[in-house]
Amino acid sequence: MRLGAVNVVEEKVPARRGVALTLWLSGYSAAVVTVGVLLAVHAADRLEHGQMLTVPVVLGMVALLGEAAALTGLWFWRRWGVTLLAVCVVVQVVAGLMGEVNGGVIAARIVLACALIFMLLPRWEQLRN
């Protein structure tokens, strides 16, 4: 757009996050940190006793790191954050099925991911690549 002799660049401004999405992101971020700390303590205990880490524990740790990156992307309105979070949830579900995780925990992860997608669908066009 041109105003007199000054060029004005219109920048795509992200939509307002809203209360539900902000609470979801805050709660999920806190959960990722909490589960990460618990998993790190569990892994350290196993290693301290001379035991190898199991595949589900390693997958869980890698997926939690990915979830932390995905949540950072979501806070900054990036579409790749949604994709990365979905991949990490799938990895967590696979790790949960391989390990000793309660079915309720696996179902909760799927429900939380679906809730995010439901909240983001109306704002999908405002997310940046």
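Peer 1: Hey, could you run me through the side chain of E67 in this one?
Peer 2: Mapping E67 onto the fold places it in helix α2 (residues 55-75). The class of E67 is buried, set by a relative accessible area of 0%. In terms of polar contacts, E67 uses its side chain to reach the side chain of R109, at 2.3 Å. With sequence-adjacent residues up to four places away left out, E67 is seen in contact with Y28, V32, L85, C88, V89, Q92 and R109.

Peer 1: It is not clear to me how the confidence of the model for the protein chain should be interpreted in this structure. Could you clarify?
Peer 2: Should the pLDDT be low somewhere, the predicted coordinates at that spot are not to be read in detail. Chain-level statistics for the protein chain give a pLDDT mean of 84 and a share of 88% at 70 or above. Least confident of the elements in the protein chain is strand β1 (residues 2-3), whose mean pLDDT is 56; most confident is α2, at 90.

Peer 1: How do you make sense of the pattern of salt bridges when you look at a structure like this?
Peer 2: Close approach of charged atoms allows side chains with opposite charge to pair. Applying the stated criterion to the full structure yields 1 salt bridge. Across the pair R109 and E67 runs a salt bridge whose closest N-O atoms are separated by 2.3 Å. With R109 in helix α4 (residues 103-120) and E67 in helix α2, the pair connects residues that are 42 residues apart, well separated along the chain. Grouping residues by exposure puts R109 and E67 together as buried.

Peer 1: Is there a simple way to explain the packing of α2 against helix α3 (residues 79-98) in this structure?
Peer 2: Each pair of packed helices can be summarised by the angle the axes make with each other and by the distance between the axes. Relative orientation of the contacting elements α2 and α3 amounts to 160 degrees, with a least axis distance of 8 Å. As summarised for this structure, α2 and α3 are arranged roughly antiparallel, according to the angle between their axes. In terms of crossing hand, the pair formed by α2 and α3 is left-handed. Two secondary-structure elements touch here, α2 through V55, P56, L59, G60, A63, L64, G66, E67, A69, A70, G73 and L74 and α3 through W80, G81, V82, L84, L85, C88, V89, V91, Q92, A95 and M98. Residue classes in the contact of α2 with α3 are distributed as 17 nonpolar, 5 polar and 1 charged.

Peer 1: Sorry, what's going on with the environment of L21 here?
Peer 2: Inspection of the secondary structure assignment puts L21 in helix α1 (residues 19-48). When its relative accessible area of 4% is taken as the criterion, L21 is described as buried. Each C-alpha atom of the pair L21 and W75 lies 9.9 Å from the other, and the pair is 54 residues apart in sequence. Beyond its immediate sequence surroundings of up to four residues, L21 is in contact with W77, L116, M119, L120 and R123.

Peer 1: Mind showing me how you'd approach the nonpolar core here?
Peer 2: Most often, soluble globular proteins keep nonpolar side chains buried together rather than apart. Counting residues in each nonpolar core, the largest one holds 23 residues, and the members touching the most others are W24, L74 and L85. When residues of this core are assigned to their parent elements, the largest contribution, 7 residues, is made by α1. In this structure, W24 is in contact with L71, L85, L112, A115, L116 and M119, ignoring residues within four places of it in sequence.

Peer 1: How do you make sense of unusual backbone geometry when you look at a structure like this?
Peer 2: Note: most peptide bonds trans; most residues except glycine with negative phi. Phi at W77 takes a positive value of approximately 60 degrees, unusual for a residue other than glycine. Within the secondary structure, W77 is located in the loop between α2 and α3.

Conventions adopted
Residues numbered from 1 in each chain as written. Predicted model: local features only at pLDDT ≥ 70, side-chain atom pairs only at ≥ 80, totals over all residues. Heavy atoms only, no water. Helix = DSSP H or I, 4+ residues; strand = E, 2+ residues; numbered from the N terminus. Buried < 20%, exposed > 50% of the residue type's maximum accessible area, 1.4 Å probe, protein only. Polar contact = N/O pair within 3.5 Å; in protein donor to acceptor, adjacent residues only side chain to side chain. Contact = heavy atoms within 4.5 Å. pLDDT = per-residue confidence, 0-100. Salt bridge = Lys/Arg side-chain N within 4 Å of Asp/Glu carboxyl O. Axes fitted to C-alpha atoms, helices over the stretch in contact; angles between N-to-C directions. Parallel < 35°, antiparallel > 145°, perpendicular 65-115°, else oblique. Left-handed = near helix turned anticlockwise from the far one by under 90°. Nonpolar A, V, L, I, M, F, W, Y, C, P; charged D, E, K, R; others polar. Core = buried A, V, L, I, M, F, W, Y, C linked by side-chain atoms within 4.5 Å.

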